[in-house]
Amino acid sequence: MRLTKLSICIGVAASIALSAPAFAVLQDVPVTNIRTMAMGGAGFAVADDYAALYQNPAALSNVTSLKFNLLSIRGDVATSVFSNWTKFYNVYNQVKNSGGNTQEAVDSLGPLIPTNVALNGGGNVVSVAGNSWGLGVFNQSNSVEALRNRSNPYVLLSGVSEASAIIGKSFGITLIGIPMDIGLSARYFYRYELIDGSTSDTELQVGMARFLRMVNGSESFNFDRLSGTGVGFDAGVLMPLKTPAGDGKWGVVVRNIGTRISGTTTISSANASFSDTIQSRVGIGVGLNTGVPSWIPVLNGIGTFLLAADYYLPVNGESWLKGIHIGAEKPFWIFKLRGGLNQGFIVGGVGMRLFILDFNFAYNKEALGSRINIDPIDYYTFQFGLL
């Protein structure tokens, strides 16, 4: 019976996601939640605050009291920046003092190739959530610079920034005798993204010498780009789950139902109007309050903890392994200890709340390519917030 219900939910969700018009689509730019990052990317069945607005609106039913959040700021820095900081700084000084001749700096970058450098950021500008409802304003910005080809160095560059206002509501219903929470959120957003005008790709190949001249200021940062606004919807369902290991919830979420963006592209300094679709995603998730089995006595002292697992159906030729996310969270005094597997990579972190201050740290790793062995990159992520 459970498999039948699961099959129905997945089938309906997939048909909604795949009903988008069959022309070029832009990628989803989800707001990144640091708790979820530290838990291996899992959590849409266990979100219990404003994060439910962009993870799964049905999870707004998990919010038990009024929660207000102001200026929660997050920054992700690739570990390659820390490990190669001195080399990058020396190259920067060479470029700064080169007077436009960047060849020496290009030569100095040879030992760093290949390297992936990423600087991401964003957070919650302001949000409020109560039992079964919420609204908020969020931002997410991602930038990746991949250094490639020692014999003829170039940079693969991508950059996108998206600000969004989201409002959501969940409802408790009973369907064929099964209690469940269904949720819907609406999102209005503004996006700015770099593009390759000749291919319509969102990854640009820039010669290393030209890129360093831009860093030096002798050449302006003048890339093809798009900017526009759009409206989209997310929908989700959560149902109670009882297992021998513990009780919790499981459900399905569909992101970007009928989401479109319209605006202006600037290619070779010429402006043109565009309208496009944002890629839909379908996810299946579960969350349980569980504990260590009695047959592992050495770990029995851990007590109960939260266990979550999500799986996102692959899109655009992605490996099915990229959709696997497993994580756990254990409260300990004023801390919350987190860990998990993101696409098979070990990740973890810690959260701490002290009066109105909220601090979180995560170590995260993911694959930038369509397979988990293509361009893996790891980050240190920090987040500070109020209330």
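Residues numbered from 1 in each chain as written. Predicted model: local features only at pLDDT ≥ 70, side-chain atom pairs only at ≥ 80, totals over all residues. Heavy atoms only, no water.

1. Some points on the pairing of strand β11 (residues 281-291)
Okay, step 1: Across the 11 residues of β11, eight count as buried, placing the element largely inside the fold.
Okay, step 2: The pairing of strand β9 (residues 246-267) with β11 spans 10 bridges and is classified as antiparallel. Bridging from a neighbouring strand, G248 pairs with L288 of β11.
Okay, step 3: Here β11 pairs with strand β12 (residues 304-312) via nine bridges, running antiparallel. Bridge pairing in β12 links V286 to A309. (Buried < 20%, exposed > 50% of the residue type's maximum accessible area, 1.4 Å probe, protein only. Helix = DSSP H or I, 4+ residues; strand = E, 2+ residues; numbered from the N terminus. Pairing = 2+ DSSP bridges.)

2. Some details on the pairing of strand β2 (residues 67-78)
Okay, step 1: Relative to strand β3 (residues 115-130), β2 runs antiparallel, the two being bridged by 10 bridges. For D76, the partnering residue across the bridge sits in β3 and is N120.
Okay, step 2: Bridge count between β2 and strand β17 (residues 376-386): seven bridges; the pairing is antiparallel. Within β17, the residue paired with A78 across the bridge is Y379.

3. Let's talk about helix α7 (residues 208-216)
Okay, step 1: Taken together, the buried positions of α7 are M208, F211, L212 and M214. Projected down its long axis, α7 shows its buried positions confined to an angular sector of 150°, all on one face.
Okay, step 2: G217 sits one or two positions beyond α7 and adopts a positive phi of about 95°. (Arc of directions from axis to C-beta.)

4. Comments concerning the confidence of the model for the protein
Okay, step 1: When pLDDT is averaged along the protein, the result is 86; 90% of the residues meet or exceed 70.
Okay, step 2: Per-residue pLDDT stays below 50 along residues 1-24; that stretch engages in 29 contacts with residues further than four places along the chain or on separate chains. (pLDDT = per-residue confidence, 0-100. Contact = heavy atoms within 4.5 Å.)

5. As for the packing of aromatic side chains
Okay, step 1: Per the stated rule, a full pass over the model turns up nine aromatic pairs.
Okay, step 2: Here the aromatic rings of F44 and Y312 are separated by 6.1 Å at their centres, their planes lie at 65°, and the arrangement is edge-to-face. Placement of F44 in the loop between α2 (34-38) and α3 (52-55) and of Y312 in strand β12 is noted, with a sequence separation of 268 residues between them.
Okay, step 3: Since its relative accessible area comes to 1%, F44 is described here as buried. (Phe/Tyr/Trp six-rings, centres within 6.5 Å; stacked < 30°, edge-to-face > 60°.)

6. Section: the side chain of D310
Okay, step 1: Residue position: D310 is located in strand β12.
Okay, step 2: Separated by 2.9 Å, the side chain of D310 and the backbone nitrogen of G43 make a polar contact.
Okay, step 3: A distance of 3.2 Å separates a polar atom in the side chain of D310 from the backbone nitrogen of F44.
Okay, step 4: Setting aside anything within four residues of it in sequence, one finds D310 in contact with G41, A42, G43, F44, I284, G285, V286, G323, I324 and H325. (Polar contact = N/O pair within 3.5 Å; in protein donor to acceptor, adjacent residues only side chain to side chain.)

7. Section: the environment of F335
Okay, step 1: One can find F335 in strand β14 (residues 335-342).
Okay, step 2: Placed 16 residues apart in sequence, F335 and G351 show a C-alpha to C-alpha distance of 5.5 Å.
Okay, step 3: Sequence-distant contacts of F335, that is, excluding residues within four places in its chain, are made with K330, V350, G351 and M352.

8. Remarks on a nonpolar patch on the surface
Okay, step 1: On the surface, F68, L70, L71, I73, V125, V137, L354, F355, I356, L357, L386 and L387 cluster together into a nonpolar patch covering about 1,100 Å² of accessible area.
Okay, step 2: By residue number, the principal contributor to the nonpolar patch is β2, which donates four residues.
Okay, step 3: Mapped onto the elements, I356 comes out in the loop between β15 (345-354) and β16 (357-367).
Okay, step 4: The class of I356 is partly exposed, set by a relative accessible area of 47%. (Patch = residues over 30% accessible without salt bridge, like charges linked within 9 Å, V, L, I, M, F, W, Y side chains within 5 Å. Areas by Shrake-Rupley, 256 points an atom, 1.4 Å probe, with all protein chains shown as cover. Salt bridge = Lys/Arg side-chain N within 4 Å of Asp/Glu carboxyl O.)

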